[in-house]
Every structure is written in structure tokens, then in C-alpha cells.
Amino acid sequence: MLTHINENGEAVMVDVGGKEITERTARAYARIKMQSETLDALLNADLKKGDGLSAARIAGIMGAKKTSELIPLCHNIPIDKITVDFEKESDTALGIYVNAKCTYKTGIEMEALTGASVAALTVYDMCKAIDRGMSIEEIKLLEKTGGKSDYHREG
């Protein structure tokens, strides 16, 4: 059953008024691939625009906070914490990890996913002057806890 569609097939916002307030967490991931020289410049804060990872971290946090303004049927939820971390996965790939936490009636998965997406887009923006061939290859939910069920991606 689709929770955001009513009996007439119209989009609706889910009523969370009767749901229990619980601690909820989500962890999302994005990967951006680029030339090895680009990744080196990013990791060494040697970009013409400045420190790309700091900009991407702030953008990821800000993006997560703006999720309900970007995704039409998302609730505006009180966010307790957002973290954005980066990991060099290879000579040409950067992993972006966003952890989000709230204590509320509905989850925080979309905020984590939006944060990862915006952080990846910011890395692209910071590095595009030297590498327009970058690609954001993957954005996915790794896990979520709280509410009716937990989810942990295998692998």
C-alpha cells in the first residue's frame, strides 16, 4: 500500500499525529568518481574555489535541514544531529557518508539521503573547473533505525 496516495490516486501527506515519538537514525551514502588528479586536489584542499570538503560538509548538513522544502511530501522534522564524512575509496572515487538523528514521529531517511546528494553535488561544483567528467554514481540508504522497523542494507 502506498502511504502517500489516497483512494482517488491523489498525492497526500501522511498523518503522523498519532505515531509514537522515538529516536530515529539513518545513514546514507553517495559516491562520486573523478580523475585521480582531481581527487588529490580535493583531498589536499588545493582547489581554486577553496576547501571543497569543508564546503561539501556544510552543504550536506544544510541540504538535510532543507529536505522538507525540496521533497514535496516530507514532514518538517526536528533534527537532532547530522554528520557528513568522506572516505577515499580508490584513486578515483570518494565516498560520502551522512548520519542523521532525530527524536520524532517519523523517520529521517530522506534527510540523510538529501544530505548525501547535496554534498556530492557540492563536490562536483567545487571541482568542475578541473574535471567536468565527474559522475555521481550511487546514492543509497545504508541503514535506518527507529519507528516500526529497522533496515540494514546487506553488503
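Everything numeric in this text was worked out from a predicted model, so none of it was measured.

Draft legend 1. Main features of the sheet that holds strand E4 (residues 135-145). Taking strand neighbours across the sheet as the criterion, the five strands line up as E2-E3-E1-E4-E5 in an open arrangement whose pairing is antiparallel. Both outer strands of the open sheet, strand E2 (79-90) and strand E5 (151-152), are each paired with one neighbouring strand and no more. Here twelve bridges tie strand E1 (residues 22-33) to strand E3 (residues 93-104), and the two strands are oriented antiparallel to one another. Looking across to E3, one finds that Arg27 is bridged to Asn99. Across the sheet, helix H2 (residues 52-65) touches E2 and E3, and the angle it forms with E2 is around 140°. Against the sheet, helix H4 (residues 109-127) engages E1, E2, E3 and E4, with an angle of about 25° to E1.

Draft legend 2. Examining a nonpolar patch on the surface more closely. Together, Leu70, Ile71 and Met110 line one region of the surface with nonpolar side chains, adding up to about 240 Å² of accessible area. Relative to the helices and strands, Ile71 is located in the loop between helix H3 (67-70) and E2.

Draft legend 3. Geometry of the layout of surface pockets. Of the voids in this model, the largest pocket is the one considered here, and its volume is about 580 Å³. Around the largest pocket sit 21 residues that line it, and His4, Lys19, Thr106, Gly107 and Glu109 are the ones nearest its centre. Examining the composition of the lining of the largest pocket, we find that three residues originate from one element, H4, more than from any other. Split by residue class, the lining of the largest pocket holds seven nonpolar, eight polar and six charged.

Draft legend 4. Local environment of the environment of Gly63. The residue Gly63 is located in helix H2 in this model. Sequence separation between Gly63 and Thr114 is 51 residues, and the spatial gap between their C-alpha atoms is 6.0 Å. If we skip the residues at most four places from it in the chain, Gly63 touches Leu70, Thr114 and Val118.

About the cut-offs
- Residues numbered from 1 in each chain as written.
- Predicted model: local features only at pLDDT ≥ 70, side-chain atom pairs only at ≥ 80, totals over all residues.
- Heavy atoms only, no water.
- Pairing = 2+ DSSP bridges.
- Helix = DSSP H or I, 4+ residues; strand = E, 2+ residues; numbered from the N terminus.
- Contact = heavy atoms within 4.5 Å.
- Axes fitted to C-alpha atoms, helices over the stretch in contact; angles between N-to-C directions.
- Patch = residues over 30% accessible without salt bridge, like charges linked within 9 Å, V, L, I, M, F, W, Y side chains within 5 Å.
- Areas by Shrake-Rupley, 256 points an atom, 1.4 Å probe, with all protein chains shown as cover.
- Salt bridge = Lys/Arg side-chain N within 4 Å of Asp/Glu carboxyl O.
- 1 Å grid on protein atoms, 1.4 Å probe; cavity = no way out; pocket = protein on both sides within 12 Å on 5 of 7 lines; lining within 4 Å.
- Points joined across faces, edges and corners; volume = space filled by probe spheres on them.
- Nonpolar A, V, L, I, M, F, W, Y, C, P; charged D, E, K, R; others polar.

These values are about where atoms sit, not about what they do.
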